[in-house]
Amino acid sequence: AAGIEPGWMPRGGAQPAPKYPETARRRGAQGTAQVALRLAASGRVADVRLHRSSGDARLDDAALAGVRRWRYDEPPASADWTERWFVVPIEFHLQ
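Keep in mind that this is a model prediction, so the values were computed, not measured. (Residues numbered from 1 in each chain as written. Predicted model: local features only at pLDDT ≥ 70, side-chain atom pairs only at ≥ 80, totals over all residues. Heavy atoms only, no water.)

(A) Representation of helix α2 (residues 57-68) in the model. With 12 residues, α2 should reach 16 Å at 1.5 Å per residue; the first-to-last C-alpha distance of 17 Å fits that figure. Among the residues making up α2, those that are buried are L59, D60, A62, A63, L64, G66 and V67. Buried residues belonging to α2 abut α1 (22-27), β1 (31-40), β2 (45-52) and β3 (83-92). (Helix = DSSP H or I, 4+ residues; strand = E, 2+ residues; numbered from the N terminus. Expected span 1.5 Å × (residues − 1). Buried < 20%, exposed > 50% of the residue type's maximum accessible area, 1.4 Å probe, protein only. Contact = heavy atoms within 4.5 Å.)

(B) How the structure looks around the sheet that holds β2. Within the open sheet, the three strands sit side by side as β2-β1-β3. Their pairing is antiparallel. The outermost strands of the open sheet, each flanked by one partner alone, are β2 and β3. Along the sheet, successive strands turn relative to each other by an average axial angle of 25 degrees, direction set aside. As defined by bridge partners, β1 adjoins β2 across six bridges and the pair is classed as antiparallel. Across the sheet, the residue bridging to L37 is V48, located in β2. Most of the contacts of α2 go to β2, to which it runs at about 155 degrees, and overall it touches β1, β2 and β3. (Pairing = 2+ DSSP bridges. Axes fitted to C-alpha atoms, helices over the stretch in contact; angles between N-to-C directions.)

(C) Examining the confidence of the model for the protein more closely. Of the residues in the protein, 88% have a pLDDT of 70 or more, and the chain-wide mean is 88. Per-element confidence in the protein is highest for α2, whose mean pLDDT is 97, and lowest for β3, whose mean pLDDT is 91. Predicted confidence is poor over residues 1-5, with pLDDT under 50, and the contacts of this stretch with residues over four places away or in other chains come to 10 contacts. (pLDDT = per-residue confidence, 0-100.)

(D) Region of the structure containing the environment of A62. Here A62 lies in helix α2. Judged by relative accessible area, which is 13%, A62 ranks as buried. Along the sequence, A62 and P18 sit 44 residues apart, while their C-alpha atoms lie 6.2 Å from each other. In this view, A62 contacts P18, K19, P21 and F92; residues no more than four positions away in its chain are not counted.

(E) Spotlight on the packing of aromatic side chains. In total, this model carries two aromatic pairs according to the counting rule given. Between Y20 and F92 the ring centres are 5.3 Å apart and the planes differ by 80 degrees, which places this aromatic pair in the edge-to-face class. Residue Y20 is found in the segment before α1, and its partner F92 is found in strand β3; the two are separated by 72 residues along the sequence. As far as the burial class goes, Y20 and F92 line up, both buried. (Phe/Tyr/Trp six-rings, centres within 6.5 Å; stacked < 30°, edge-to-face > 60°.)

Shown next, in the form of structure tokens:
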């Protein structure tokens with residue numbers, strides 16, 4: 001996603017791991033999806049996009065759905081921004 005900037009990173013809130021799709025698990029699909037998220041000043045995830053595919057559409061869809069539900073603490077006033085894009089890796093590996 002355009003406009004990805006280094007600097008302050010989101011903290012706190014709740015970021016539960018996305019659910020491993022059962023069909024992908026049964027087929028042995030594994031991989032890491034890179035998800036771009038736009039974080040609003042409120043700490044809510046305002047938008048998500050697939051930055052780089054895991055190689056499996058089911059895993060990618062699960063990663064996007066999971067990250068949409070994430071929440072973070074509000075950025076500090078010193079961060080001086082209203083919203084920003086970040087890229088996070090979402091790993092799906094069978095144990």
